[in-house]
Amino acid sequence: MTQRFEGRVALVTGGASGIGAATVRRLASEGARVMVADRDEALGKEIAAELGERGAFHQVDVSQLDQVEEMVQSTVDQFGRLDVLFNNAGIGAFGETPDLDPDTWHQVIAVDLHSIFYGCRAAIPHLRAAGGGAIVNTASISGVGGDYGFAAYTAAKGAVINYTRTLAIDHARENIRVNAVSPGAIDTALSKTLITQPDILEDYLASIPIGRVGQAEEIAGVVAFLASDDASYLTGQNIVVDGGLTCHTGQPNFTSHIRRLQRDSSSE
């Protein structure tokens, strides 16, 4: 494994599980010192302990401005600098607009969108002090298009993508690059309730050209690339990682239907 992050410090929110934990491990394996930030103290400390002196844990509720500011300052106090911020923490909620509790709407927006503003606002002065750096925001394919019954989530993730673009152009001349990653169906605890339902999984597998759900490590690899100097001329982009799911229009699979008709015709 190359050491692209030797001497650098990364902060990962939602770092105790799923994509966050996979990214923590990936960045550390490439030389970074990493602050694992999460609400789950037990899991967070466990992940940080894996890293030895390269890791530390900070408990945080990213929907709270003061806690996010404290998290960023704690990272700098612990490791002396900040080079990479991965705004990854997020939640989802199901509900069509007439049935959606306003408190649920506000909580999803707070965790999935406001937290990114809070994190960037606190981190950018430290990235400036380090001579530049990289920010990666977790969006979603649900921010690229609409999804049935996910009003709050799609609204938040769509906003994350456009906010990422504005951050990128505002801070490009300061050598701060900002990009987003939009996962599709990924095998994490957050999506377990969906992808473990046989009928939903069947629909997914029929729609994903690669034919399987993704793994957290596959998103972590993309995040590591975006945060590294290998992506030095890449900013303001939303990288979709979904096995090809959003490549097609949503129309029927004409090829499979034509092949079925051909088989039926040849058997006559």
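Residues numbered from 1 in each chain as written. Predicted model: local features only at pLDDT ≥ 70, side-chain atom pairs only at ≥ 80, totals over all residues. Heavy atoms only, no water.

## Quick look at the pattern of salt bridges
The condition that has to hold: By convention in these notes, a salt bridge is any Lys or Arg side-chain nitrogen within 4 Å of a carboxyl oxygen on Asp or Glu. Only DSSP runs of H or I reaching four residues or more are called helices, and only runs of E reaching two or more are called strands; each is numbered from the N terminus.
Using the criterion set out here, one finds 11 salt bridges in the structure. Across the pair Arg-121 and Glu-69 runs a salt bridge whose closest N-O atoms are separated by 3.3 Å. Here the residue Arg-121 occupies a position in helix 4 (residues 102–129), and Glu-69 occupies one in helix 3 (residues 65–79), the gap between them amounting to 52 residues.

## Regarding the nonpolar core
Rule in force here: Only buried residues count toward a nonpolar core. Its members are Ala, Val, Leu, Ile, Met, Phe, Trp, Tyr and Cys residues joined through side-chain atoms within 4.5 Å. Relative accessibility thresholds used throughout: buried, under 20% of the residue-type maximum; exposed, over 50%; partly exposed, between the two (1.4 Å probe, protein chains only). Contact definition: two residues touch when any of their heavy atoms are within 4.5 Å.
If you look at the biggest cluster of nonpolar residues, it comprises 35 residues, and the most contacted ones within it are Leu-11, Met-71, Val-72, Leu-82, Cys-120 and Ile-135. Of all the secondary structure elements, the ones that give two or more residues to this core are strand 1 (9–13), strand 2 (33–38), helix 3, helix 4, helix 5 (151–171) and strand 6 (176–183). Ranked by residues supplied to this core, first place goes to helix 4 with 10 residues. Not counting residues up to four positions away in its chain, the partners in contact with Leu-11 are Met-35, Ala-37, Met-71, Val-72, Thr-75, Leu-82, Val-84, Leu-85 and Phe-86. By size, the runner-up hydrophobic cluster in this structure holds 31 residues, among which are Ala-22, Ala-32, Leu-51 and Ile-186.

## A word on the environment of Ala-185
Residue placement: Ala-185 occurs in the loop between strand 6 and helix 6 (192–195). Residues Ala-185 and Asp-242 lie 57 residues apart in sequence; the distance between their C-alpha atoms is 6.5 Å. Those residues in contact with Ala-185 that sit more than four places away from it in its chain are Tyr-204, Ile-208, Val-213 and Gly-214.

By themselves, these observations are geometric and do not establish any function.
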